[in-house]
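An overview of the molecular structure
Here's the letter readout for the chains.
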Amino acid sequence: MRNTTSMLVGILAALAIAPNGFAQSPADSPRASIRLRNTGRDPLSGSKQSSPRKGETSAELSANLPLGNVAASMNDACATPELISGEAAFAFDNRSATTDGPDHLACSFEGETQIARDVWFCWTAPAETCVGDFVASTCGGTATDTKIAVYEGCGCPPGDANLLSCSDDDCGLQTRVPFNPVAGQQYLIRLGTFPGATTPGGIGTLQLQCIPPQPCDIQGGDCQTRALRNAVNSNGTDFSVAEDFTPSQTGQVTKACWWGTYIDANGDNCQSFAVDSFEMNYYSSSSGAPGGLIASFSQSAGTLTLDGPAPTALTLNGGLPEFAYSATHAPVAVTAGECYWIEIKNPIAGCSWFWEESNRANGRAFHDGVFGSTPGFDPRDGIISDMTLCLDIPLGDSNICLPPPPDNDDCANASSVSTEGQFFYETAGATLDGPDHPACLASNQRQIDNDEWICWTSPCDGEVFVRTCSETDVDTKMAVYDGCDCPPTSATLMDCDDDLCGTNTDRQSMLVFDAVQGNSYLLRVGTFPGAPGGPGLIDISCGVPNPACPTAGACCQPDTTVPPDPPRAGCGVQSCCEKVCACDPFCCEFA
């Protein structure tokens, strides 16, 4: 399900260096089992497979654009950016550049919020409005491991409020950042490298280009724009995806546009032999999830007329070609300010279709098939994602679609549990009411956002494990207190954790504490500050959850090579192995 090797190394490092698991925690953590990027699951069968790693590259199409002014060394500082304008390819050289820009939580990729060796451009958008997506890209223009941010205006230093978009590794190790500029306005473009990259700087070209939509002719406020990055499996057999939307006016939906790609079990593009069979379903909303079916359309029934797939000359996941779609159907009546869900799936024999993700809307979608069996959206199927979508009706504030606060949102209303097992939680609508603690410091953050509460009465004596590992798409952070008094204090805090389950593809947490049978303990589950909430399972177990795991595999075999060649995990200490395998039951499969 995950990039287990990378995750295991992160767990071992956390156990060896920071026993409480206070590791870095980015706000945007991709769910490896469903997205093309960092995928650890066969897209057709759902079985485990090896994952692409940072450092692997693939071919990328380059735009045939005129070469602009060569970047001078003076644009190393934000205060002296190179002045550029229009659609063109502009040379850059950051081999000797320093880092003077701020880090941003929204720029967090693989645990790194900074952009190293940054050079700066002050770009003036063309006088003509771009009908489509504008893109700043180094794809096909350099061998350097780039990372890019785009800010509104050219003021220095730029802040979080000015940040429009940030990205890393969209096409191999290179970057493509979509944004929507206003004609004639200025934007600050910051181009650098991923911190600690094996290629710390280099030369290349930065391309600025308007990518026209095709075949979609819906624009403006009627769209959730493409992220040009990841996609989610919606093959309609193993998985299907539903995205929420809120119309800003009452009317009818008769047309939709979306983007996606095709991949087979070998990771190759299979569009050439795929026979599309798109299905589209509209649902009402129920407590932040797809509810009752409103309308259903399909190509096979002749009720959905499809235009596409049309190749866009862009790629997803560093090499898979992107395709655009447009479809019409009978009118679906919608009401302004109400939440609705649209499900798009495409069952294809021998090939799997992926729906492209969007820039953030409310950060919530549903992925049927992750938990339970299809059809039917399980409450646990919520994921931290948004999908590309255009409708022929203006879209409003999609935060209306978020679920209401849970019953145990406040510490005083903590739910009562007195057994081991897995328990469902939903933090998307939860509010913050718990204190921060110095002992909860992780990545400069002491607080736990979106917290909800469980008063757990222990049925056992001894070591207890509380985990969200592999049971959610949410970047969790947790704490446990002695007793269930509210508000809890630092004096009663027994353990606090962020990211002990791994910092590469998962951002989940684990608590380990000694319990006394019959005593009560307050469990606080929430998110890393700034990360969106969502559904998941919290697993509570007396003793090691996977006691048989440390008897086999590389988990408990110490790595004697210095440096490791090839690098692999292994600690050689029984207690270490038990804690690692409590997080990751797959770790012992790797010899």
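1. Let's talk about the environment of Asp461
- For Asp461, the position within the fold is in the loop between strand 26 (449-457) and strand 27 (462-467).
- With residues up to four places along the chain from it excluded, the contact list for Asp461 reads Ala515, Val516 and Gln517.
- Within polar-contact distance, the side chain of Asp461 engages the backbone nitrogen of Gln517 at 2.7 Å.

2. Let's talk about unusual backbone geometry
- For the peptide bond that leads from Gly308 to Pro309, omega is 5 degrees, which places it in the cis range.
- Considering the arrangement of structural elements, one finds Pro309 in strand 17 (residues 305-316).
- In this model, Cys486 is joined to Pro487 through a cis peptide bond whose omega is -5 degrees.
- The topology assignment puts Pro487 in the loop between strand 28 (476-482) and strand 29 (493-498).
- Located in the positive-phi region is Ser443, a residue other than glycine, with phi close to 50 degrees.

3. With respect to the confidence of the model for the protein chain
- Taken residue by residue, the protein chain gives an average pLDDT of 81. The fraction at 70 or more is 78%.
- Within the model, pLDDT remains below 50 along residues 1-34, and this stretch shows 124 contacts once partners closer than five positions in the same chain are excluded.
- Below a pLDDT of 50 lies the segment residues 37-71, which in the model reaches 111 contacts outside its immediate sequence neighbourhood of four places, other chains included.

4. Quick look at the packing of aromatic side chains
- Per the stated rule, a full pass over the model turns up 22 aromatic pairs.
- Taken together, a centroid distance of 6.3 Å and an interplanar angle of 25 degrees make the contact between Trp120 and Tyr151 stacked. You can see Trp120 sitting in strand 4 (residues 116-124) and its partner Tyr151 sitting in strand 6 (residues 146-152), a full 31 residues away along the chain. Accessibility assignment for this pair places Trp120 and Tyr151 in one class, buried.
- Look at Phe366 and Phe377: their rings are 6.3 Å apart centre to centre, the planes differ by 90 degrees, and that puts the pair in the edge-to-face class. In this pair, Phe366 sits in strand 21 (residues 365-368) while Phe377 sits in the loop between strand 21 and strand 22 (382-383), placing the two residues 11 residues apart along the sequence.
- A relative accessible area of 1% places Phe366 in the buried class.
- When its relative accessible area of 18% is taken as the criterion, Phe377 is described as buried.

5. Focus on the nonpolar core
- Counting 35 residues, the largest nonpolar core has Phe245, Trp258, Tyr262, Met280, Tyr282, Trp353 and Leu391 as the members making the most contacts within it.
- Sorting the residues of this core by element identifies strand 13 (240-245), strand 14 (251-263), strand 15 (279-286), strand 16 (289-298), strand 18 (320-334), strand 19 (340-345), strand 20 (352-358) and strand 23 (389-391) as the ones contributing at least two each.
- Here the element with the most residues in this core is strand 18; it accounts for five residues.
- Counting 22 residues, the second-largest nonpolar core is a separate cluster that includes Ala88, Val119, Phe134 and Ile148.

6. Comments concerning the sheet that holds strand 19
- Pairing is antiparallel across the open sheet formed by six strands, whose spatial order is 16-15-19-13-21-22. Only two strands of the sheet have a single partner each, and these edge strands are strand 16 and strand 22.
- As paired strands, strand 15 and strand 16 are joined by seven bridges and run antiparallel to one another. In the sheet register, Met280 faces strand 16, and the bridge partner there is Phe297.

7. Concerning the state of the cysteines
- Per the stated rule, a full pass over the model turns up 13 disulfides.
- Between Cys122 and Cys154 runs a disulfide, and the two sulfur atoms are separated by 2.1 Å. Where Cys122 bonds to Cys154 through sulfur, the torsion about that S-S bond is close to 100 degrees, and the disulfide is right-handed. Of this pair, Cys122 sits in strand 4 while Cys154 sits in the loop between strand 6 and strand 7 (163-168); the two residues are 32 residues apart in sequence, bridging distant segments of the chain.
- The disulfide that involves Cys339 links it to Cys401, with 2.1 Å between the sulfurs. Taking the sign of the S-S torsion, about 115 degrees here, the bridge from Cys339 to Cys401 comes out right-handed. Residue Cys339 is found in the loop between strand 18 and strand 19, and its partner Cys401 is found in the loop between strand 23 and strand 24 (415-417); the two are separated by 62 residues along the sequence.

Conventions we followed
Residues numbered from 1 in each chain as written. Predicted model: local features only at pLDDT ≥ 70, side-chain atom pairs only at ≥ 80, totals over all residues. Heavy atoms only, no water. Helix = DSSP H or I, 4+ residues; strand = E, 2+ residues; numbered from the N terminus. Contact = heavy atoms within 4.5 Å. Polar contact = N/O pair within 3.5 Å; in protein donor to acceptor, adjacent residues only side chain to side chain. pLDDT = per-residue confidence, 0-100. Phe/Tyr/Trp six-rings, centres within 6.5 Å; stacked < 30°, edge-to-face > 60°. Buried < 20%, exposed > 50% of the residue type's maximum accessible area, 1.4 Å probe, protein only. Core = buried A, V, L, I, M, F, W, Y, C linked by side-chain atoms within 4.5 Å. Pairing = 2+ DSSP bridges. Disulfide = S-S within 2.5 Å.

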